[in-house]
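Below, each chain spelled out in residue letters.
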Amino acid sequence: METQQEKELLRGGQFIVKETNCEDVFTPEDFNEEQKMMRDSVIEFNDREIIPHKERFEAKDYALTEEVMGKAGEMGFLGVSVPEEYGGMGMGFVSTMIVCEYISSGTGSFSTAFGAHTGIGTMPITLYGTEEQKQKYVPKLASGEWFGAYALTEPGAGSDANSGKTTATLSEDGKSYKINGQKMWISNAGFCSLFIVFARIENDKNITGFIVEQDPENGITLGEEEKKLGIHASSTRQVFFSDTVVPAENMLAGRGEGFKIAMNALNIGRIKLAAACLDSQRRITTTAIQYANERKQFNTRISDFGAIKLKLAEMATNTYADESASYRAAKNIEDRIAMRHAAGNSHQEAELKGVEEYAIECSILKVAVSEDLQNCADEGIQIFGGMGFSKDTPMEAAWRDARIARIYEGTNEINRMLSVGMLVKKAMKGHVDLLGPAQAVADELMGIPSFDTPDYSELFAEEKEMIAKLKKVFLMVAGSAVQKFGPDLESHQQLLLAASDILIEIYMAESTILRTEKNAKRFGEKEQEIQIAMAKLYLYNAVSIVEKNGKESIISFAEGDEQRMLLMGLKRFVKYANYPDIVDLRRTIAEKVKAENKYCF
Ligand SMILES: Cc1cc2nc3c(=O)[nH]c(=O)nc-3n(C[C@H](O)[C@H](O)[C@H](O)COP(=O)(O)OP(=O)(O)OC[C@H]3O[C@@H](n4cnc5c(N)ncnc54)[C@H](O)[C@@H]3O)c2cc1C
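Residues numbered from 1 in each chain as written. Predicted model: local features only at pLDDT ≥ 70, side-chain atom pairs only at ≥ 80, totals over all residues. Heavy atoms only, no water.

(A) A look at the overall build of the protein chain. Scanning the protein chain from N- to C-terminus turns up 19 helices and ten strands. In summary, the protein chain has a C-alpha radius of gyration of 24 Å against a globular reference of 25 Å for 601 residues, a match within 12%. For the protein chain, contacts bridging at least 24 residues in sequence account for 78% of all contacts bridging at least 6. On the protein chain, the mean spot of the 69 positive side-chain charges and the mean spot of the 90 negative ones are 3 Å from each other. (Helix = DSSP H or I, 4+ residues; strand = E, 2+ residues; numbered from the N terminus. Rg over C-alpha atoms; globule rule 2.2 N^0.38 Å. Contact = heavy atoms within 4.5 Å. Lys, Arg positive; Asp, Glu negative; His and termini not counted. Charge placed at Lys NZ, Arg CZ, Asp CG, Glu CD.)

In structure tokens, the structure reads:
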């Protein structure tokens, strides 16, 4: 038997230059008994404690959010990823994703409170805390006796998170720090017992993290609840610190380590945010299918109209793709953490390095899934027609709640640029060999194309060839851009965004195909007929996005013969030998979900 350590795991970002066997990806169909039990108990909790109270959440019942968070604590859901010695369940990364996914779909308000507490509110302590800090705070946070909040953003420091003006000044006896400053947009601020606060000591280049207990007597005041577009019952306030005294032993990690803590906490937050969007997409899709099956116009169920079928098929397909990619990455993270544990790393080191390794995938997922959720909710409203615009139907709140996911945990623009930036950095460190494959693509462009007719009879033979070609597009565009601009590439943001869209589509499409191939091999192609259609549809859409972004990029930085050569390469790489009948694929997918009256995959 192959041991964890021997098992060759793809490094983060390596998917762009390596092929993956379908047997090596984890899929939602691979959940073990423990994971299924956890999923079912969270679904039951969501159905009992959250979904029936949607109206109260919409009516800004912050106390309800706090009450349900307490109940989630009693069930152990707040401590899934917390090690057992600190009062948690010590479960793996996949289980953490499952809980986050299924607890989040009732309302964005609870989803945000849950994510802010278990992710960025607790993890900085489990990952960077000293033994004393962990013993003192983590059991309270894992049980829900206390709630956590994460105070990084300031009026002048949002995306530029390291530029905060909040200060921490050491007392003369060296025993404490005084914190002064203003934080804004702080989720859970209204009911938390503890803040993770980032502040600057003297003129340090980087900020420092502190654990600050909530105590109004200690110079901590809160602004009014923000009036927001969505997530109405998520408490979001400004927090003011005025000579707030914090014991020196409450510093997290070391002086100046705060930016690192903030970024690593966000890496984990990003993939969990993707998870938090998944079941919402599923519910929105199901609600839309059910409405479309009931609503009649022109004496016809609207689900019988091609225009509505198109929407239902795309909503189901994107949901399926998002599940595929999220759990693929989650298991990669879990396996890498296990490998590091086996190699003797502490829990903290193993978790940190495991997640950091897949920071590119975390950014990709954050962007792709948050945008798919938004589009899904938007089409949901459209399917409901005028009723979709009414507060009396579920689509309106779903659409408003979805909007925040594109903004927090790093805006989607920042995450897009990060994904490509981190990949280039990994290449420079030698962790991912981009140079060799990029040179091979450049050589291929100069050579004579092969006119062989490959055998496409095997399932996904052509689709996998297309994925390989899309990777060549990325290498061609990113490789030429790096060559042209060198370190100045950072300032060519439109180019980075385009490269990122190509990267995102490749990861999402490849993950969808691999999941489906794995399942077709074990359950049979007939059984997976609709999933196969969805994988093909997703890829076709991905190819269009890659083509558009590839073309824009090439035109922007290449001229004359070089431009012509790159555009010819692009044309070759996005060309199918046999185009799928997209209209028929969408029809097939829509007919299935209509017949089942729900998202059924
Ligand atoms: C409801 C809600 C809850 C939140 N919860 C928390 C929380 O719990 N804790 C916390 O610390 N923060 C929280 N935030 C803050 C959130 O993380 C920030 O709003 C987010 O990081 C963006 O910062 P900003 O609002 O200052 O926007 P800005 O940084 O001003 O960005 C504005 C626009 O400019 C773009 N932009 C910025 N910089 C660049 C660049 N270099 N290149 C290209 N484009 C750029 C952005 O993508 C965006 O489109 C929350 C925000 C909201 C709305």
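(B) Main features of the site of the ligand. Taken together, 18 residues form the shell around the ligand, and within it Thr153, Ser159, Trp185, Thr411 and Glu413 come nearest. At a separation of 2.7 Å, a nitrogen atom of the ligand approaches a polar side-chain atom of threonine 153. Here a nitrogen atom of the ligand and a side-chain polar atom of serine 187 are 2.9 Å apart. Notes on the ligand: free accessible area 960 Å², of which the protein chains cover 67%. Mapped by element, the contributors of at least two residues to the shell around the ligand are β3 (176–187) and α13 (412–429). Across the shell around the ligand, the residue classes break down as ten nonpolar, six polar and two charged. (Near = heavy atom within 4 Å. Polar contact = N/O pair within 3.5 Å; in protein donor to acceptor, adjacent residues only side chain to side chain. Areas by Shrake-Rupley, 256 points an atom, 1.4 Å probe, with all protein chains shown as cover. Nonpolar A, V, L, I, M, F, W, Y, C, P; charged D, E, K, R; others polar.)

(C) Region of interest: helix α16 (residues 493–523). The terminal C-alpha atoms of α16, which comprises 31 residues, lie 44 Å apart, in line with the 45 Å expected from a rise of 1.5 Å per residue. Most of α16 sits out of view: 25 of its 31 residues are buried. (Expected span 1.5 Å × (residues − 1). Buried < 20%, exposed > 50% of the residue type's maximum accessible area, 1.4 Å probe, protein only.)

(D) A look at the side chain of asparagine 332. One can find asparagine 332 in helix α9 (residues 306–342). With residues near it in sequence (within four places) discarded, asparagine 332 still touches Leu9 and Tyr358.

(E) Quick look at the pattern of salt bridges. Counted by the stated rule, this structure contains 50 salt bridges. One salt bridge connects arginine 515 with glutamate 29, and the closest N-O pair in it is separated by 2.7 Å. Of this pair, arginine 515 sits in helix α16 while glutamate 29 sits in the segment before α1 (33–50), placing them 486 residues apart in sequence. Overall, the relative accessible area of 1% leaves arginine 515 in the buried class. (Salt bridge = Lys/Arg side-chain N within 4 Å of Asp/Glu carboxyl O.)

(F) Structural context of helix α8 (residues 258–294). Here α8 spans 54 Å end to end across 37 residues, near enough to the 54 Å set by a 1.5 Å rise per residue. Summarising burial for α8: 30 of the 37 residues are buried, a large majority.

(G) Main features of the packing of aromatic side chains. Evaluation of the coordinates by the stated rule reveals 16 aromatic pairs. Measuring from centroid to centroid gives 5.1 Å for phenylalanine 31 and tyrosine 327, while their planes differ by 75°, and the two rings are edge-to-face. Separated by 296 residues along the polypeptide, phenylalanine 31 in the segment before α1 and tyrosine 327 in helix α9 bring together distant segments of the chain. Classification of tyrosine 327 as buried rests on a relative accessible area of 1%. Measuring from centroid to centroid gives 5.3 Å for tyrosine 150 and phenylalanine 198, while their planes differ by 70°, and the two rings are edge-to-face. Of this pair, tyrosine 150 sits in strand β1 (residues 148–151) while phenylalanine 198 is found in strand β4 (residues 194–201), placing the two residues 48 residues apart along the sequence. Accessibility classification places tyrosine 150 together with phenylalanine 198 in one group, the buried group. (Phe/Tyr/Trp six-rings, centres within 6.5 Å; stacked < 30°, edge-to-face > 60°.)

(H) Structural view of the pairing of strand β5 (residues 208–213). A large share of β5 lies buried, amounting to five of its six residues. Note: β4 against β5, six bridges, orientation antiparallel. Considered in β5, the bridge of alanine 199 is made with threonine 208. Where β4 folds back on β5, the antiparallel hairpin that results is connected by six residues, among which glutamate 202 adopts a positive phi of roughly 45°. Relative to strand β8 (residues 251–252), β5 runs antiparallel, the two being bridged by two bridges. Bridge pairing in β8 links glycine 209 to leucine 252. (Pairing = 2+ DSSP bridges.)

(I) Highlighting unusual backbone geometry. Despite not being glycine, tryptophan 185 shows a phi value in the positive range, around 65°. For tryptophan 185, the location among the structural elements is in strand β3. Exposure remark for tryptophan 185: the relative accessible area of 48% places this residue in the partly exposed category. A positive phi angle, near 60°, is found at asparagine 299, a position not held by glycine. Checked against the element boundaries, asparagine 299 lands in the loop between β9 (296–297) and β10 (300–301). For asparagine 299, a relative accessible area of 79% gives the class exposed.

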